[in-house]
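Notes for the structure review
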Amino acid sequence: MHVCLLPTEILLHIFTIHYQNGYDRLPPVLLAQLAVLARTCRKFKEPALDILWKHLQGFRPLFSCLLEGACDRDETGKLTLQRPPLAGEWGSLHQYARRVHSLTVNYYELDAIDNHIMQALMSASFFTSLFPNLRSLHWSDDREHFFPLLRVLLWPTITSLQVGLPSTPPSFAQSTLLVSLRGRCTSIRELSSVCIGDSAKSSDAIYETLSGLRELSHIDTGVLSPPEFLRLASLPSLKSLYFKLRTYDIHETQSNSTPTNFPKLDQVHIIASSQLVVEHFLRSVRLPSCRSAMVRVNYEDLDDETEDLYNPLDMPNLIVSFSECFSPALEKLHVEFESVPLRPIEEDIMTNPGCVFGFNALAPLLSFNRLTELQLDWIFTSAINDASLKTLAQSWPQLERFYFRSAILWLIPPSMTFTALVHLIKHCPRLHTVQMSFCADPVDYDNDPFFFETIPSEKITELSVGMSPIGKPCAVAYILLRLLPKLKHVVFDWLDDDEFVPLSLEHLWSRWSVVNNILAASNGGELR
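The structure presented is a predicted model; accordingly, all values stated were derived computationally and were not measured.

Okay, the state of the cysteines next. Per the stated rule, a full pass over the model turns up zero disulfides. Between C65, a free cysteine, and C71, which holds the nearest cysteine sulfur, the sulfur-to-sulfur gap is 9.7 Å.

As a packed pair, helix α21 (residues 473-483) and helix α22 (residues 508-522) sit with axes 9 Å apart at the nearest point and diverge in direction by 45°. By the angle between their axes, α21 is oblique relative to α22. As α21 runs across α22, the sense of the crossing is right-handed. Taking contact as the criterion, the partners of P473, C474, V476, A477, L480 and L481 in α21 are, on α22, R511, W512, V514, V515, I518, L519 and S522. Split into classes, the residues belonging to the contact of α21 with α22 amount to eleven nonpolar, one polar and one charged.

Here the focus is the nonpolar core. Ranked by internal contacts, the top residues of the largest apolar core, which has 148 residues, are F59, F63, F131, F326, L480 and W512. Beyond its immediate chain neighbours, meaning those up to four positions away, W512 contacts A440, V465, S468, P469, I470, V476, L480, V490 and F492.

The next subject is the pairing of strand β8 (residues 218-224). Most of β8 is tucked away, with five of its seven residues classed as buried. Relative to β8, strand β7 (residues 190-194) is paired through four bridges, and the arrangement is parallel. Each residue of the ladder has a partner; that of V194, found in β8, is T221. In the sheet, β8 pairs with strand β9 (residues 240-245) via five bridges, with the strands oriented parallel. Across the sheet, I219 pairs through a bridge with L241, a residue of β9. For the crossover that starts at β8, traverses helix α13 (residues 226-232) and ends in the parallel β9, the hand is right-handed.

Overall, the coordinates contain 15 salt bridges when judged by the stated rule. In this structure, the salt-bridge partner of D111 is R143, at a minimum N-O distance of 2.9 Å. With a gap of 32 residues between them, D111 in helix α7 (residues 107-111) and R143 in the loop between β5 (136-140) and α9 (147-153) connect regions that are remote in the sequence. Because the salt bridges share partners, they merge into one network encompassing D111, D141 and R143.

The subject of this paragraph is helix α10 (residues 172-179). Where α10 is concerned, the buried positions are Q174, S175, L177 and L178. What you see down the axis of α10 is that its buried residues fit within an arc of 160°, all on one side.

Conventions we followed
- Residues numbered from 1 in each chain as written.
- Predicted model: local features only at pLDDT ≥ 70, side-chain atom pairs only at ≥ 80, totals over all residues.
- Heavy atoms only, no water.
- Disulfide = S-S within 2.5 Å.
- Axes fitted to C-alpha atoms, helices over the stretch in contact; angles between N-to-C directions.
- Helix = DSSP H or I, 4+ residues; strand = E, 2+ residues; numbered from the N terminus.
- Parallel < 35°, antiparallel > 145°, perpendicular 65-115°, else oblique.
- Left-handed = near helix turned anticlockwise from the far one by under 90°.
- Contact = heavy atoms within 4.5 Å.
- Nonpolar A, V, L, I, M, F, W, Y, C, P; charged D, E, K, R; others polar.
- Core = buried A, V, L, I, M, F, W, Y, C linked by side-chain atoms within 4.5 Å.
- Buried < 20%, exposed > 50% of the residue type's maximum accessible area, 1.4 Å probe, protein only.
- Pairing = 2+ DSSP bridges.
- Right-handed = clockwise from strand over helix to strand, strands pointing away.
- Salt bridge = Lys/Arg side-chain N within 4 Å of Asp/Glu carboxyl O.
- Arc of directions from axis to C-beta.

In structure tokens, the structure reads:
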């Protein structure tokens, strides 16, 4: 063996190259290769086994290592034990289990083992953990007769816990399990997929437990009312909170005259069923240190007869609520709308010039001068022209991802042109992803100093144009290659075959396809 391969750190680096390439869980073929490496020589054995067992999916791989005759399958196909494992067999299992840092247990994995396996796991973990180095536990099963097994897996080494307890309100068994975390997982930092609020009888005990977890910084929970949010966001160590905002009557709920301030929250993700409720809620709180905010309005659970259906005329007030709730420290802002009822709004809104937003509607966001990601979907911005976009780009010089008005087929054409794209290139040097509708009409590139003196952006590699009008596709492709030499593909939205598409837009698909063919043929270089 070459001397350079002797240090274990170098071997670990080589063996983990697939994780560095983006794999979260190695595919079977790579796991088999690691198993071969572990059997190659003693020097390879330890680092290869460490990587092979670092992430464990269920308990079957572990018990499959027992000697023949100890482990078998019953008449239903479940993995079972013929006898209790011997002391030496437990030692063999422990040499693999101690390497596990991440354990995922789902519904199917639990259904694949019988009661003998479960009893063996519980007896092995009674005095000491079978997984002494476990850091992350993902348990996605809410059946309470498996809770005793889950409970013995909860040890102080765990820093990330994701348990599938979505019940609203939580049952007594679920509440008891959550309350036990204070004595079992003292180092927990992330707690996900649990319902904490909506239980008047057990909420005090749950909040007392969470307050005692001194390192808890992230919670991903279920439905919260505004008072429950206020209580949870006040936890001393909490910096990140993902939750679903309970829909309430904003006319019956009295707003606080003085918004409540939460100076420690760094990230918030809010899912709601009403745009008006989100706006009302954001006006009642202040998050001056928040760097990342996502607001997702999902109309799927909303009554079709409610007055809270999507209305773009309400968007300016929502944008104002962002400027009131968040400070210039904000770096990421995502606003998404899902399951929007298109049919009722198609005729009245999608062709209504009165719904077009001008620069003033977006002006409240200019103070967010640290933005690196901005996503504004379902916002009717056809009135935003090149000069307005220049002002926006100058206000957000650190932008890296820009998603602007491309999530819907608005029938009023955009006012922006290629000039707007140039403003983004000039004033946002870090930008690499753009989603924006503009009129792609050819310009006299070589004779216009504004264009030919612009330094091309080699960072922008993703461009989505929505339903952008386009002139001569060959000329448009030429301009894109000059401005964005690394661009190889343009994404353009197109509705399903059963959707109505105006005749004036039917030509867009073929023209943008020509642009993509030219970009692909050029391989990102100059067009011949």
